[in-house]
Amino acid sequence: MGLFTKDIKTMNDLFVHQLQDIYYAEQQLVKALPKMAEKATEPQLKQGFLTHLDETRTHVKRLEQVFQMHGVAVKAIDCPAIDGIIEEANETVGEVADKAVLDAALINAAQAAEHYEIARYGSLVAWARQLGRTDCASVLQKTLDEEKATDKKLTALAESRVNLRAAS
Ligand SMILES: [Fe+2]
Ligand SMILES: [Fe+2]
């Protein structure tokens with residue numbers, strides 16, 4: 001079911017569709033984050049990926065909770081956007097030989113994923129409120145806050161250490 005097919009008629013349909021999309025994306029990130037942690041050299045970056053892996057597992061569980069609260073089946077649908085972000089990350093990372101530059105590339109890839117999640121969760125929270133599901137909105141908001149915090153930590157790490165080392 002594509003985003004602009006006639007299967008999506010109402011805001012509720014759109015809400016459920018995007019829940020299924022981000023549910024898939026979070027599952028793909030649970031698979032990708034250990035690989036990113038393995039490749040990272042900077043200890044803080046490595047630890048950061050592992051911490052966010054734990055959070056991401058919680059994001060998957062929270063989505064299952066939201067599906068249940070909303071009374072719909074727990075279901076994932078392919079999300080070509082996150083597949084593309086992960087695929088591109090793998091390609092870029094595979095081409096970088098210098099370890100310090102590799103860390104900078106990993107941060108860049110991770111932030112692309114975070115920004116994707118922030119965009120999706122931002123809309124999901126707004127739509128949940130619009131649909132009168134403040135219960136779902138508050139669960140989704142917790143994840144949105146963690147995605148934003150992770151994005152900020154990645155920026156701080158890039159600006160304080162990684163970019164400096166990569167450029168030297
Ligand atoms: Fe997430
Ligand atoms: Fe995330």
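Here the structure is a predicted model, which means the values were calculated and not measured.

Asker: Run through the coordination of the iron ion (ligand 2), naming residues and quoting values.
Answerer: Taken together, the protein donors to the iron ion (ligand 2) comprise His-52 (NE2), Glu-114 (OE), Glu-114 (OE), Glu-117 (OE) and Glu-147 (OE), at separations of 2.0 to 2.5 Å. Here the iron ion (ligand 1) and the iron ion (ligand 2) are spaced 3.4 Å from one another, each receiving a donor from Glu-117. Highlighted residues: Glu-114 in helix α4 (residues 99-130) and Glu-147 in helix α5 (residues 134-167), separated in sequence by 33 residues. Neither Glu-114 nor Glu-147 differs from the other in exposure class; each is buried.

Asker: An account of the coordination of the iron ion (ligand 1) is requested, with residue identities and associated values reported.
Answerer: Every protein donor of the iron ion (ligand 1) is accounted for by Glu-26 (OE), Glu-26 (OE), His-59 (ND1), Glu-117 (OE) and Glu-147 (OE), and the metal-donor separations fall at 2.1 to 2.3 Å. In primary-sequence terms, the residues that donate to the iron ion (ligand 1) follow E-x32-H-x57-E-x29-E.

Asker: Residues and numbers for the environment of Lys-39, please.
Answerer: Its place among the elements puts Lys-39 in helix α1 (residues 11-39). You can call Lys-39 partly exposed: its relative accessible area is 39%. As a C-alpha pair, Lys-39 and Arg-161 span 122 residues in sequence and 17 Å in three-dimensional space. Excluding residues within four positions of it along the chain, Lys-39 makes contact with Val-93, Leu-102, Asp-103 and Leu-106.

Asker: Residue-level account of the packing of helix α2 (residues 43-70) against α5, with values.
Answerer: At a closest axis distance of 9 Å, the pairing of α2 and α5 adopts a crossing angle of 165°. It follows that α2 is roughly antiparallel to α5 by the angle criterion. Our pair here, α2 against α5, has a crossing hand that is left-handed. Contacts between α2 and α5 involve Gln-44, Leu-45, Phe-49, His-52, Glu-55, His-59, Arg-62, Leu-63, Gln-65, Val-66, Met-69 and His-70 from the first element and Asp-135, Cys-136, Val-139, Leu-140, Lys-142, Thr-143, Glu-146, Glu-147, Thr-150, Leu-154, Leu-157 and Arg-161 from the second. Residues that form the contact of α2 with α5 fall into these classes: ten nonpolar, seven polar and seven charged.

Asker: Run through the packing of α1 against α2, naming residues and quoting values.
Answerer: At their nearest, the axes of α1 and α2 sit 9 Å apart, and the two run at 155° to each other. As judged from the angle between their axes, α1 and α2 are roughly antiparallel. With respect to the hand of their crossing, α1 and α2 are arranged in left-handed fashion.

Asker: Requested: an account of the nonpolar core, with residues and values cited.
Answerer: Among the nonpolar cores identified, the biggest contains 29 residues, and Phe-15, Leu-19, Ile-82, Leu-124 and Leu-140 are the most heavily contacted of them. The contact partners of Ile-82, leaving out residues within four places of it in the chain, are Tyr-24, Ala-25, Gln-28, Leu-29, Ala-113 and Tyr-116. Counting residues in each nonpolar core, the second largest holds 18 residues, with Ala-37, Ala-89, Leu-106 and Leu-154 among its members.

Asker: A description of α1 should follow, citing residues and the corresponding values.
Answerer: If you check α1, its first and last C-alpha atoms are 41 Å apart, about what 29 residues at 1.5 Å a residue would give, namely 42 Å. Along α1, the sharpest kink reaches roughly 30°, centred on Lys-31 and followed within four residues by the proline Pro-34.

Asker: Tell me what's going on with the confidence of the model for the chain, and back it up with residues and numbers.
Answerer: The share of residues in the chain with pLDDT of 70 or more is 97%, and the mean pLDDT across the chain is 94. The spread of mean pLDDT over the elements of the chain runs between helix α3 (residues 80-95), the lowest at 92, and α2, the highest at 98.

Asker: Help me get a handle on the pattern of salt bridges, residues and values and all.
Answerer: Where side chains of opposite charge bring their charged atoms close, a pairing between them can arise. Evaluation of the coordinates by the stated rule reveals seven salt bridges. Across the pair Arg-165 and Asp-103 runs a salt bridge, and its minimum N-O distance is 4.0 Å. On the criterion of sequence distance, the pair formed by Arg-165 in helix α5 and Asp-103 in helix α4 is long-range, its members being 62 residues apart. The exposure class assigned to Arg-165 is partly exposed, which follows from its relative accessible area of 35%. Using a relative accessible area of 0% as the deciding quantity, one classes Asp-103 as buried.

What counts and how
- Residues numbered from 1 in each chain as written.
- Chains lettered and ligands numbered in written order.
- Predicted model: local features only at pLDDT ≥ 70, side-chain atom pairs only at ≥ 80, totals over all residues.
- Heavy atoms only, no water.
- Donors = N, O, S within 2.8 Å, 3.2 Å for Na, K, Ca; no water.
- Helix = DSSP H or I, 4+ residues; strand = E, 2+ residues; numbered from the N terminus.
- Buried < 20%, exposed > 50% of the residue type's maximum accessible area, 1.4 Å probe, protein only.
- Contact = heavy atoms within 4.5 Å.
- Axes fitted to C-alpha atoms, helices over the stretch in contact; angles between N-to-C directions.
- Parallel < 35°, antiparallel > 145°, perpendicular 65-115°, else oblique.
- Left-handed = near helix turned anticlockwise from the far one by under 90°.
- Nonpolar A, V, L, I, M, F, W, Y, C, P; charged D, E, K, R; others polar.
- Core = buried A, V, L, I, M, F, W, Y, C linked by side-chain atoms within 4.5 Å.
- Expected span 1.5 Å × (residues − 1).
- Bend = angle between axes of the 7 residues up to and from the residue.
- pLDDT = per-residue confidence, 0-100.
- Salt bridge = Lys/Arg side-chain N within 4 Å of Asp/Glu carboxyl O.

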